[in-house]
Amino acid sequence: MSLLPKTWFVPRAPLDVRSRYFLIFSSFLLPLFIWSLVSYVPQLWHPKIEITDSGDAGYLRVGMLVDKEIFYREVEKKESEGKVAPEGFPSNPVYLPAPHEVATALYTAFTTPPKRSNEPWLHESLLHSIQVIAWGFFWAVLIGVPLGILAGTYEAFAKLIEPFTEFFRYLPAPAFGALAVAILGIYDAPKIAIIFIGTVFQMILIVANTTRKLSPALVEAALTLGCNGASLLKRVIVPGVLPDLYRDMRILLGWAWTYLIVAELIGTSSGITWFITQQARYKNFDNVFAAILIIGVIGLVTDLILAWLGRRLFPWNNSK
Amino acid sequence: MNHNEHNPNRHPLADLYTPEITARFERIRNRPVAIEVNQLRKTFYHKKQENLVLGGIDFNAHQREFMCVVGPSGCGKSTLARTIAGLETHDSGDMIVAGSHVSGPGPDRGMVFQKYTLFPWMSVKKNVMFGLVQSGQDKADAERDALQWIDLVGLSKYAESYPHQLSGGMQQRVAIARALAAQPKVLLMDEPFSALDPQNRAKMQQYLLEIWQNIDITILFITHDLDEAVYLSDRVLVLDAHPGRVREILEVPLPRPRPIELMLSDEFQATKRYLESLVHPPITHLDVEEKLSMVQMVPVDSEVPNIF
Ligand SMILES: Nc1ncnc2c1ncn2[C@@H]1O[C@H](COP(=O)(O)OP(=O)(O)OP(=O)(O)O)[C@@H](O)[C@H]1O
Ligand SMILES: [Mg+2]
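Residues numbered from 1 in each chain as written. Chains lettered and ligands numbered in written order. Predicted model: local features only at pLDDT ≥ 70, side-chain atom pairs only at ≥ 80, totals over all residues. Heavy atoms only, no water.

*Asks:* Explain the site of ligand 1 to me, using residue names and the numbers behind them.
*Replies:* All names here are of chain B. By nearness alone, every residue bordering ligand 1 is listed as Phe-44, Asn-51, Val-53, Ser-73, Gly-74, Cys-75, Gly-76, Lys-77, Ser-78, Thr-79 and Glu-191. One nitrogen or oxygen atom from the side chain of Ser-73 is found 2.7 Å from an oxygen atom belonging to ligand 1. In this structure, Gly-74 approaches ligand 1 through a main-chain N or O atom, which is 2.9 Å from an oxygen atom. Elements represented by at least two residues in the shell around ligand 1 include exactly strand 2 (49-62) and helix 2 (77-85). Top element by residues in the shell around ligand 1 is helix 2. It accounts for three residues. Split by residue class, the shell around ligand 1 holds three nonpolar, six polar and two charged. (Near = heavy atom within 4 Å. Polar contact = N/O pair within 3.5 Å; in protein donor to acceptor, adjacent residues only side chain to side chain. Helix = DSSP H or I, 4+ residues; strand = E, 2+ residues; numbered from the N terminus. Nonpolar A, V, L, I, M, F, W, Y, C, P; charged D, E, K, R; others polar.)

Written out as C-alpha cells, the structure reads:
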C-alpha cells in the first residue's frame, strides 16, 4: 500500500490537490484506457475477422465481419483444396467501435446532413430533447416543490399528500405512455408528461424530507420572534431549505434525463433518441456512441455549472 | 422568608439580608408582575408512558427582575421556559405574561436558546432585523435599530458577516441582540452560555447585566451553573425533579451593582453553598447501583502499577 499516498485511505480526510486532480483525471481515463485496450490490442477479445481479400471464398466480401471460427475453417478448407485462402485481420463486432472512430463521429455527426431533407440535423434533435426535458422538469418543479414544502412543514399536508405519492411513484412512468398519447396527442405533450410523471412524485417526497430536515430550532427561534404562518414559510422555511432543495433538483434533473429516452420513443419518435435508433438501424454505431457521449457531456456540464452557481447563490452554506 | 433571629425555622442565610437588601426586595415586590405562572402542569407522553415533568409550578416574576431557574438535570427547566415561550403545550394551569394569557409563541416573549439558532442565510444585521421587519417596521428604520443593537453587543464590525464566520460567543451575542430588538416584555434564556469557555462566559454575563440594567426587560434565565445563578439573579427559582416543582424561591442577599470580585466574598460563597445544598443534596455514600463494577485491569508488572 505504500505505493499509494496514505491520505487515500484515511476515512473522510481531504485529499491533497495533486491526488485530487490525478484521481478525477483517472476516473475518466481508466474506462477510456480499458476501451482502448480492447479496441487496439488484437489479442484482446476481437472475436471477428474483417475481410481484406476474399480469395476464392466467393461469399466473403471485402470489409465484411465474420466469426473467427468460420474464417479459419474457410482458410483451412481453401488451403486444403489448393485454392487462394481469404485474408483478414482480427476485429471487434460492429457494435463496439474504437475510440478514434467515435471521436471522428463526434465531429462528423454534426456535419453530416440528415438522410432525408425533412429529418432534423443532430443539433436540432439535441435541442428538441433539451426542450422536452426542460418543460417536463419545469412542470414537475412547479407542482412538486410547493407540495413537498407544504408536506414537509405541515403534518396535515404530509398525511394528505404523501401516502398517494408513495403509491404512485412505484407505478412505472413509461406505463403511462399509451395513455399519455391517447390524451395528449402524438407530439411533444405526452413526452413532457412522461418526464413530469417520472420526476414529480419522487420530487414531492424528496422535497418533503429535505424540508423536514430543517433544524426545528430555527423554526422555534422564528416563532418567538413573532413569525408564523405564511410568513414563516416565506422567511424561514423556504430560504432555510433552499441550498438543499437546489442540490435535490440537481439530482432529480439527472433523473429526468433517464426518462427522456422512454419519453421520446412514444408517439412520434423524436429528439436524440430518434437519432440513436436511426443510426443503430444503419449500423452506424460510432454515431450511436457519439450521441450517448454527448448526452453524458451535456448532463455533466449542466451539473458542474449548477454546482458552481450553487456556491455563488448560497455563500453561507458550507456543507458543499 | 423569615429573618427573625429567634425563630427556630430561621432561614440559613438570614444574616446576610442587610436592611438595604431587604428594602430592595420590598421595592421589587411592589413592581407590577411581568410573569405569572399558576399551577402549571405538563406531561410528556412517550410510547403510552406518561412523564409528568412539571407538577404544578407557581411563581411570579416582577417587572425588570432578573430571575434564574436552577434544579437537577432533567427537572424540567427547559420545558418550563419553552412552555412559557408557547413552544410547548401544557395540561393545565395558566401563564400570564405582561397582562395577557399565553397561548402559543409570540413576540412579547423573546427566547435565546442553548444551541446557536441564528438564520445561517442572513447576515448578522439581517438576523437582528428579523423581528423588526416581522412587526411591520419599515426597512430603513429596522436597519437603524438593528445596527444600534449590534453596536450594543459590541459587534459593529461584523454587521455584514454571516453567522458561520462568528465564534460561538459572538453568535450568542447576536442571538441576544436579535431577541431584544423585537422588544419583548420578557426574555427567556435557556442555558445560553453553557457552550462557552469560562472566560467568555464571565464576559457574557457582564454584557447581559449591562444590557438588562439599561432596558425595560424581565429575564428568566435557566442555568445549571450556580455561580452564574447567584451572580446574575435578583431571585433564584429552585426546582425539584420528578415531577418538577418549586422547591424555593431564593432572594439573593447581594447588593447591586455587583463587581466581579463579589464572587470571592463570603456572602456570595454562602449563598452558593446554600443553593448547592438545595439542588444537589449532599452525597453521603455512592448508590450501590451507581458504583462501577471495575476490577484492576493493569498488569501487575506494568511500569506504572498504580496512580498514587
Ligand atoms: N419533547 C419531549 N418529549 C418527551 N419527553 C421530553 C421532551 N422534552 C423533554 N422531555 C422530558 O422532560 C424531562 C425534562 O426535560 P427538560 O429538558 O425540561 O429538563 P432540564 O431541566 O432542562 O434538563 P437539563 O438541565 O439537562 O437541561 C426529561 O425527563 C425529558 O426526558
Ligand atoms: Mg435543559
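*Asks:* Any details on the domain arrangement of chain B? Residues and values, ideally.
*Replies:* Residue and element names in this part refer to chain B. Under the domain assignment used here, chain B contains domain 1 (1-108 + 184-252) and domain 2 (118-181). Taking only C-alpha atoms, the centre of domain 1 and the centre of domain 2 are 26 Å apart. Taken together, the eleven residues of domain 1 in the interface contact ten residues of domain 2. Taken together, the links from domain 1 to domain 2 amount to two residue pairs in polar contact (both at pLDDT 80 or more). At the level of secondary structure, the elements contributing two or more residues to the side of domain 1 that touches domain 2 comprise strand 7 (186-190) and helix 6 (198-214). (Domains from an automatic or database assignment. Contact = heavy atoms within 4.5 Å.)

*Asks:* I'd like to hear about the environment of Ala270(B), residue by residue, with values.
*Replies:* Residue and element names in this part refer to chain B. Within the element layout of this structure, Ala-270 appears in helix 8 (residues 266-279). Linking Ala-270 and Ala-202, residues 68 residues apart in sequence, is a C-alpha distance of 20 Å. Apart from residues no more than four positions distant in its own chain, Ala-270 is found in contact with Leu-13 and Leu-16.

*Asks:* Before we move on, could you go through the interface of chain B and chain A and cite the residues and values that matter?
*Replies:* At the junction of the two partners, chain B supplies 26 residues and chain A supplies 18 residues. Both sides of the chain B and chain A interface together cover about 1900 Å² of buried area, and 68% of this is carbon and sulfur. Considering only the side of chain B, the residues that lose the most area to chain A are Trp121(B), Phe130(B) and Gln134(B), jointly responsible for 33% of the buried surface there. Summed over the shared surface of chain B and chain A, the result is one salt bridge. Among the ionic pairs, Arg82(B) bridges to Glu220(A), the shortest N-O distance being 2.7 Å. Seen at the junction of chain B and chain A, the total is five residue pairs in polar contact (both at pLDDT 80 or more). Elements with a minimum of two residues in the side of chain B that touches chain A: helix 2, strand 6 (109-112), helix 3 (124-134) and helix 5 (168-181) of chain B. The leading source of residues in the side of chain B that touches chain A is helix 3 of chain B, at four residues. Here the side of chain B that touches chain A is built from residues that sort into 16 nonpolar, six polar and four charged. (Buried area = accessible area lost by both parts, 1.4 Å probe. Salt bridge = Lys/Arg side-chain N within 4 Å of Asp/Glu carboxyl O.)

*Asks:* Lay out the packing of aromatic side chains in plain terms, naming residues and giving numbers.
*Replies:* This structure, assessed with the given rule, holds 18 aromatic pairs over all chains. Both rings, one in Trp316(A) and one in Tyr162(B), keep their centres 6.5 Å apart while their planes meet at 45°; by these two values the pair is tilted. On the criterion of chain membership, the pair formed by Trp316(A) in the segment after helix 11 (285-313) and Tyr162(B) in the loop between helix 4 (139-152) and helix 5 is interchain, its members lying in two chains. Given the relative accessible area of 12%, Trp316(A) is considered buried. (Phe/Tyr/Trp six-rings, centres within 6.5 Å; stacked < 30°, edge-to-face > 60°. Buried < 20%, exposed > 50% of the residue type's maximum accessible area, 1.4 Å probe, protein only.)

*Asks:* So what about the sheet that holds strand 1 (residues 48-53) of chain A? Which residues, and what values?
*Replies:* Residue and element names in this part refer to chain A. Read across the open sheet, the three strands follow the order 2-1-3; overall the sheet is antiparallel. Of all the strands in the sheet, the pair left with one neighbour each is strand 2 (65-67) and strand 3 (87-91). On average, adjacent strands in this sheet sit at an angle of 40° to one another, irrespective of strand direction. With three bridges joining them, strand 1 and strand 2 adopt antiparallel strand pairing. For Ile-49, the partnering residue across the bridge sits in strand 2 and is Val-66. Along the sheet, helix 2 (residues 68-80) makes contact with strand 1, strand 2 and strand 3, crossing strand 2 at roughly 85°. (Pairing = 2+ DSSP bridges. Axes fitted to C-alpha atoms, helices over the stretch in contact; angles between N-to-C directions.)

*Asks:* I'd like a description of unusual backbone geometry, backed by residues and values.
*Replies:* Residue His242(B) is joined to Pro243(B) through a cis peptide bond whose omega torsion reads -15°. By the secondary structure assignment, Pro243(B) is in the loop between strand 9 (235-240) and strand 10 (245-251). With omega at -5°, the peptide bond leading from Arg256(B) into Pro257(B) counts as cis. If you trace the backbone, Pro257(B) turns up in the loop between strand 10 and helix 8. Positioned with a positive phi, Lys283(A) is a non-glycine residue whose angle comes to about 60°. In this structure, Lys283(A) sits in the loop between helix 10 (271-281) and helix 11. Taking the relative accessible area as the measure of exposure, Lys283(A) reaches 53% and is therefore exposed. Relative to the assigned elements, His242(B) resides in the loop between strand 9 and strand 10. Judged by its relative accessible area of 65%, His242(B) falls in the exposed class.

*Asks:* Provide a residue-level description of the side chain of Arg82(B), including the pertinent values.
*Replies:* Relative to the elements of secondary structure, Arg82(B) occurs in helix 2. Discounting residues that sit within four places of it in the chain, Arg82(B) has contacts with Glu220(A), Leu87(B), Glu88(B), Met111(B) and Phe113(B).

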